[in-house]
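As a plain string of letters, each chain reads:
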Amino acid sequence: MANDELKYYEKIPEPTLRRLPWYLAYVKLLKGKGDTVVSSTQIAKEINVDASQVAKDLSFINISGKTRVGYEINALVDILENFLGFTSQHKAFLFGVGRLGAALMRDSGLNQYGVEIVAGFDTRKDITDTEIDGIPVFRMDTLPEKQKEYGATIGIITVPVEKAQEVTDFIIENGIKAIWNFTPFRIRVPGQIVVQNTSIYAHLAVMFNRMNAVHDTYD
C-alpha cells in the first residue's frame, strides 16, 4: 500500500468505519427491491443517525450524491463493498474449535464479507484430523507447515481465555498479520499486527446494564 493510501485509511474515524456496513446492508436491501437512488435522509432514518452524519461518513469514500436526488444505489453498493474490503477474499485460520469456533466455521456468510476460513486448529484429539462443513481441523503444532501450504493472513481466536495470549504469540510467530479476537482477554501484540476485539461477554454486559437502566427509568 502506498504511503498516500495509508494516510487516507488512517484518517477515517473508527465510528465511521463501524457505521458504513450498516449503510451497505440497507442500500443492498433497497437494491434488491429494485430501487435505483437513495438519499442520506432515507439512510439516516433507517439507521437512526443524523442525515448530516451519513453525508459526512460517505464523503470519506469519495462518492457524492446529487442535490435533491441522492446517491445512485448500484455505485454506492460497489464503492462501499470495495472500500470495506468485502470484495477481496482473505484466508483465515480459526484457533479453538469449540462451540463458537465450530459455529463460525459453519457460517458460510463470512465468505460474502471477504473472510474465508480455510482451516481450524485445536489441541483436542477428538476434534483434530476431522472436518467441519468440509473445512479441515488440524493439530495446533502443525501450524508452521499448514501456514506454508495455505498462506493465511487472519487468525480468528476462540480459545479459552487463559490460552489467548499464548496462542496469539504462537500464531504471530507463524505469519498471521491480523487477529479477530473473540475472547474477553485483551491480547498484547506488536504494533504492526491488527487486532479486532469482539467480546460477546462485553457486549452482554453493556446490554444488561442498559436493560437495568431502562427498567429503573420506567419502573
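Residues numbered from 1 in each chain as written. Predicted model: local features only at pLDDT ≥ 70, side-chain atom pairs only at ≥ 80, totals over all residues. Heavy atoms only, no water.

**Describing the overall build of the protein**
Next up, step 1: The helix and strand inventory of the protein stands at 9 helices and 9 strands.
Next up, step 2: Projected onto the principal axes, the alpha-carbon positions of the protein cover approximately 60 × 55 × 35 Å.
Next up, step 3: A burial count over the protein gives 40% of its 219 residues as buried.
Next up, step 4: Contacts in the protein between residues far apart in sequence, at least 24 positions, make up 56% of those at least 6 positions apart.
Next up, step 5: For the protein, the centre of its 24 positive side-chain charges and the centre of its 27 negative side-chain charges are spaced 3 Å apart. (Helix = DSSP H or I, 4+ residues; strand = E, 2+ residues; numbered from the N terminus. Buried < 20%, exposed > 50% of the residue type's maximum accessible area, 1.4 Å probe, protein only. Contact = heavy atoms within 4.5 Å. Lys, Arg positive; Asp, Glu negative; His and termini not counted. Charge placed at Lys NZ, Arg CZ, Asp CG, Glu CD.)

**What to know about the pairing of strand 4 (residues 115-122)**
Next up, step 1: Counting buried residues in strand 4 gives 7 out of 8 residues, a clear majority hidden from the surface.
Next up, step 2: Inspection of the sheet shows strand 3 (residues 90-95) paired to strand 4 by 6 bridges, in the parallel sense. Bridging from a neighbouring strand, F95 pairs with F121 of strand 4.
Next up, step 3: Handedness of the strand 3-helix 6 (residues 99-106)-strand 4 crossover: right-handed.
Next up, step 4: Taken together, the 3 bridges between strand 4 and strand 6 (residues 135-139) define a ladder with parallel strand orientation. Looking at strand 6, one finds that D122 is bridged to R139. (Pairing = 2+ DSSP bridges. Right-handed = clockwise from strand over helix to strand, strands pointing away.)

**Side note on the nonpolar core**
Next up, step 1: Counting residues in each nonpolar core, the largest one holds 24 residues, and the members touching the most others are V38, I43, L58, L76 and L80.
Next up, step 2: For this core, the secondary structure elements donating two or more residues are helix 2 (14-32), helix 3 (40-47), helix 4 (51-59) and helix 5 (73-84).
Next up, step 3: In contact with I43, not counting residues within four places along its chain, are Y23, Y26, V27, V38, V54, L58 and L76.
Next up, step 4: Counting residues in hydrophobic clusters, the runner-up holds 20 residues, among them V118, I176, I179 and I193. (Core = buried A, V, L, I, M, F, W, Y, C linked by side-chain atoms within 4.5 Å.)

**Quick word on the pairing of strand 8 (residues 178-181)**
Next up, step 1: Along strand 8, the buried face is formed by I179 and N181; none of A178 and W180, which line the opposite face, is buried.
Next up, step 2: Pairing of strand 7 (residues 154-157) with strand 8 involves 4 bridges; the strand directions are parallel. Bridging across to strand 8, I156 finds its partner in W180.
Next up, step 3: Between strand 7 and its parallel partner strand 8, the chain crosses via helix 8 (residues 164-173), and the hand of that crossover is right-handed.
Next up, step 4: Examined bridge by bridge, strand 8 and strand 9 (residues 194-197) share 4 bridges and lie parallel to one another. Bridge pairing in strand 9 places N181 opposite N197.

**A short note on the pattern of salt bridges**
Close approach of charged atoms lets side chains of opposite charge pair.
Next up, step 1: Counted under the stated rule, the structure contains 7 salt bridges.
Next up, step 2: A salt bridge links D57 to R19, with the nearest nitrogen and oxygen atoms 2.7 Å apart. Placement of the pair is D57 in helix 4 and R19 in helix 2, with a sequence separation of 38 residues. As far as burial versus exposure is concerned, D57 and R19 are alike and both buried. (Salt bridge = Lys/Arg side-chain N within 4 Å of Asp/Glu carboxyl O.)

**Things to note about the packing of helix 3 against helix 4**
Next up, step 1: At a closest axis distance of 8 Å, the pairing of helix 3 and helix 4 adopts a crossing angle of 110°. Taken together, the axes of helix 3 and helix 4 are roughly perpendicular relative to one another. The two elements helix 3 and helix 4 meet at a crossing, and its hand is right-handed. For the pair helix 3 and helix 4, the contacting residues are S40, T41, I43 and A44 in the first and A51, V54, A55 and L58 in the second.
Next up, step 2: Residues of the contact of helix 3 with helix 4, tallied by class, amount to 6 nonpolar, 2 polar and no charged. (Axes fitted to C-alpha atoms, helices over the stretch in contact; angles between N-to-C directions. Parallel < 35°, antiparallel > 145°, perpendicular 65-115°, else oblique. Left-handed = near helix turned anticlockwise from the far one by under 90°. Nonpolar A, V, L, I, M, F, W, Y, C, P; charged D, E, K, R; others polar.)

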